[in-house]
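Structure at a glance
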Amino acid sequence: MTSSPRRLGTAALAGLPASVARPGYDRSAVATGIVHLGIGAFHRAHQAVCTDDVLATGDRRWGILGASLRSPDTRDALVPQDGLYTLSVRDSDGEALRVIGAVQDVLVAPESPSALLDALCRPSVAIVSLTVTEKGYCHDPATGRLDESHPDIVHDLAHPGAPRSAIGILARAIARRRAEGLAPFTPLCCDNLPANGRTLHRILSRFAALVSPDLGAYVEGEIACPETMVDRIVPATTDEDRGRIAAALGVEDAWPIVTEPFLQWVIEDRFLSGRPAWEAAGATLVSEVAPYETMKLRLLNGSHSSLAYLGYLSGCETVAAAMAEPGIAAFVEALMDDSTPTLTLPPGADVAGYRRSLIDRFRNTALKHRTWQIAMDGTQKLPQRLLGTVRDRLARGLPVDRHALGVAAWMRYVSGTDEAGKPIDVRDPLAADLAVLAREAGPVADRLAPALLGVRAVFGDDLPGHPRFRAAVTSALDALYRQGSKATAAEYARLS
Ligand code: CS2
């Protein structure tokens, strides 16, 4: 008698409890149609799930080869499980478990850039999707242009055969496929960047032009980067999640993913070499993504970042805990009131319903979405989440106090101490620079606000000197220092 498996994998599938959904297709017959760069939790809760749905319809072209651009952790968790992992969908009604089969293999780019380049040059690969987070694009967040002095870009231009940035990897693979006479793949950005397809295309074309003018012209003219809007809340998996899910499965899963029921994916239908019928999984294929994307970035992510900073400073560990603070919850509603008039709504959009669903999603206590997780990388997030709205409101002569409070809470946060005097583990590519500015200025609004407003990568050339914005940020920061974030949020919620 063979012993029953103790770890999730192909051999364990048949023995899982009947309540656990699993791939209903022959995984061994699936070809690799997608390489995904940045195979973290978000991809595994979003695009991989939609692609799993497509595979289940019988279209076997779209298996996913995942790549991690940094750490081997995902590979170490998933490869011993034949790429399988559990998706746990949680809300107040309970938890539904499903094993996802779309991921076939995982590579670790730094261990072998050439293996990844070979995979990207397989003829079956038609799409290279990316979730490398905002900072993974090596760009200037304020302008959306390639940061040519970024260490990874400098490295990749000097060593094009062993790239380490997503941009260097894409450019090298595009050049090689072209030289080999293979059809180009479609790079598909699935990160929360503004105009994410156009931004990727601009950055990639510039990088390619620095490699050679000919490659630059080819990327500029021949490579399509569709826009996307991606949405699903995916907190980091905890050990408690692992324990609960293993008990339900009867086998260990080294890295299950926990998420909410909601999923939205809006995609510009502009693919060079075919695409999965993601509509079968509920995705919306459109000709213009921008209205969906702006609505999501400004209402969801703008609220999220504000909740993260205000919540964290006042000791709220999760988004749901911050939403349980009446002043903070009222502030988030009021912030959305201010963001809404700046939006060009998608056709047929029910913005009131959308906002209500966001509030419900933020209040989902079954998810432990840490404010600290969302607070990360603020320099890369503020421009598209809060500052676009600020610019639109300033241009129309409207008050910007509430968005200024979101910015001020970020300033208070990156200065490195919370309201209880505890040090904050600030994670941000510019964390060291921010810490120096904060130390030199001290916890004084009149000094700290102008110092941090001077960070051009975030605030560009226009906002640092804008008198109304500057005054609004300074007084919001002063209020945070005087009365803390709960009372300030409540006060700002009441402003007319
Ligand atoms: C969050 C997002 O971590 C963050 O910054 O705001 O990851 C958010 O959960 C997703 O964009 C939701 O789709």
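Reading the values: the criteria
- Residues numbered from 1 in each chain as written.
- Predicted model: local features only at pLDDT ≥ 70, side-chain atom pairs only at ≥ 80, totals over all residues.
- Heavy atoms only, no water.
- Helix = DSSP H or I, 4+ residues; strand = E, 2+ residues; numbered from the N terminus.
- Rg over C-alpha atoms; globule rule 2.2 N^0.38 Å.
- Buried < 20%, exposed > 50% of the residue type's maximum accessible area, 1.4 Å probe, protein only.
- Areas by Shrake-Rupley, 256 points an atom, 1.4 Å probe, with all protein chains shown as cover.
- Lys, Arg positive; Asp, Glu negative; His and termini not counted.
- Charge placed at Lys NZ, Arg CZ, Asp CG, Glu CD.
- Salt bridge = Lys/Arg side-chain N within 4 Å of Asp/Glu carboxyl O.
- UniProt positions renumbered as here; feature names shortened; annotations may be inferred.
- Disulfide = S-S within 2.5 Å.
- Near = heavy atom within 4 Å.
- Polar contact = N/O pair within 3.5 Å; in protein donor to acceptor, adjacent residues only side chain to side chain.
- Nonpolar A, V, L, I, M, F, W, Y, C, P; charged D, E, K, R; others polar.
- Domains from an automatic or database assignment.
- Axes fitted to C-alpha atoms, helices over the stretch in contact; angles between N-to-C directions.
- Parallel < 35°, antiparallel > 145°, perpendicular 65-115°, else oblique.
- Left-handed = near helix turned anticlockwise from the far one by under 90°.
- Contact = heavy atoms within 4.5 Å.

Per an unreviewed UniProt entry, the recorded name for the protein is Mannitol dehydrogenase, and the organism is Inquilinus limosus.

**Details of the overall build of the protein**
Broken down by element type, the protein carries 20 helices and 13 strands. Since a compact globule built from 496 residues should have a radius of gyration of about 23 Å, the 23 Å found for the protein is in line with a globular shape. Dimensions of the protein along its principal axes, counting C-alpha atoms only, are 70 × 55 × 45 Å. Out of the 496 residues belonging to the protein, those deemed buried represent 57%. Here the protein has roughly 19,100 Å² of accessible surface; of this, 52% comes from carbon and sulfur atoms. With 52 positive and 58 negative side-chain charges, the protein shows a separation of 1 Å between the mean positions of the two kinds.

**Focus: the pattern of salt bridges**
For side chains bearing opposite charge, pairing can occur when the charged atoms are close. In the structure shown here, the tally under the stated rule is 33 salt bridges. Arg 176 is the salt-bridge partner of Asp 118, the closest N and O atoms lying 2.9 Å from each other. Taken together, the positions of Asp 118 in helix 4 (residues 113-120) and Arg 176 in helix 6 (residues 166-179) put the pair 58 residues apart, joining distant regions of the chain. Here Asp 118 falls in the partly exposed class, since its relative accessible area comes to 42%. Measuring nitrogen to oxygen at the nearest pair gives 2.9 Å for the salt bridge that ties Arg 270 to Glu 268. In this structure, a network of salt bridges that share partners links the residues Arg 90, Glu 95, Asp 241 and Arg 244.

**So, the UniProt feature "domain: Mannitol dehydrogenase C-terminal" (unreviewed entry) in the protein**
Residues annotated in UniProt with the feature "domain: Mannitol dehydrogenase C-terminal" (unreviewed entry) correspond here to residues 289-480. Between the end C-alpha atoms of residues 289-480 there is a gap of 37 Å, over a span that is 68% helix and 0% strand.

**Let's talk about the state of the cysteines**
Such a bond, covalent and formed between the sulfur atoms of two cysteines, is termed a disulfide. One pass over the structure, following the stated rule, counts zero disulfides. Unpaired in terms of disulfides, Cys 50 finds its nearest cysteine sulfur in Cys 190, a separation of 9.6 Å. Residue classification places Cys 50 among the buried residues on the basis of a relative accessible area of 1%. Here Cys 138 is not cross-linked by a disulfide; its sulfur's nearest cysteine counterpart is in Cys 189, at 13 Å. Residue class for Cys 138 comes out buried when judged on its relative accessible area of 3%.

**Section: the site of the ligand**
The environment of the ligand is formed by Asn 192, Val 230, Asp 231, Arg 232, Ile 233, Lys 296, Asn 301, His 304, His 369, Ile 374, Lys 381 and Arg 385. Between the ligand and the protein, one listed contact pairs an oxygen atom with a side-chain N or O atom of Asp 231 at 2.6 Å. Arg 232 is positioned with one of its backbone polar atoms (N or O) 3.0 Å from an oxygen atom of the ligand. For the ligand, whose free accessible area comes to 340 Å², the fraction covered by protein is 89%. Sorting the residues of the shell around the ligand by element identifies strand 10 (228-231), helix 10 (290-313) and helix 15 (378-395) as the ones contributing at least two each. In the shell around the ligand, the residues fall into three nonpolar, four polar and five charged. Two domains each put at least three residues into the shell around the ligand: domain 1 (10-286) and domain 2 (290-493).

**Re the packing of helix 10 against helix 16 (residues 401-414)**
Taken N-terminus to C-terminus, the directions of helix 10 and helix 16 make an angle of 50°; their axes are 8 Å apart at the nearest point. The angle between helix 10 and helix 16 places the two elements in the oblique class. The way helix 10 lies across helix 16 gives a crossing that is left-handed. Taking contact as the criterion, the partners of Ser 306, Tyr 309, Leu 310, Tyr 312 and Leu 313 in helix 10 are, on helix 16, Leu 405, Gly 406, Ala 409, Trp 410, Arg 412 and Tyr 413. When grouped by side-chain class, the residues that make up the contact of helix 10 with helix 16 number eight nonpolar, two polar and one charged.

**Things to note about the UniProt feature "domain: Mannitol dehydrogenase N-terminal" (unreviewed entry) in the protein**
Under the local residue numbering, the UniProt record ascribes the feature "domain: Mannitol dehydrogenase N-terminal" (unreviewed entry) to residues 33-279. Helix and strand shares over residues 33-279 are 36% and 22% respectively, and the end C-alpha atoms of the span are 17 Å apart.

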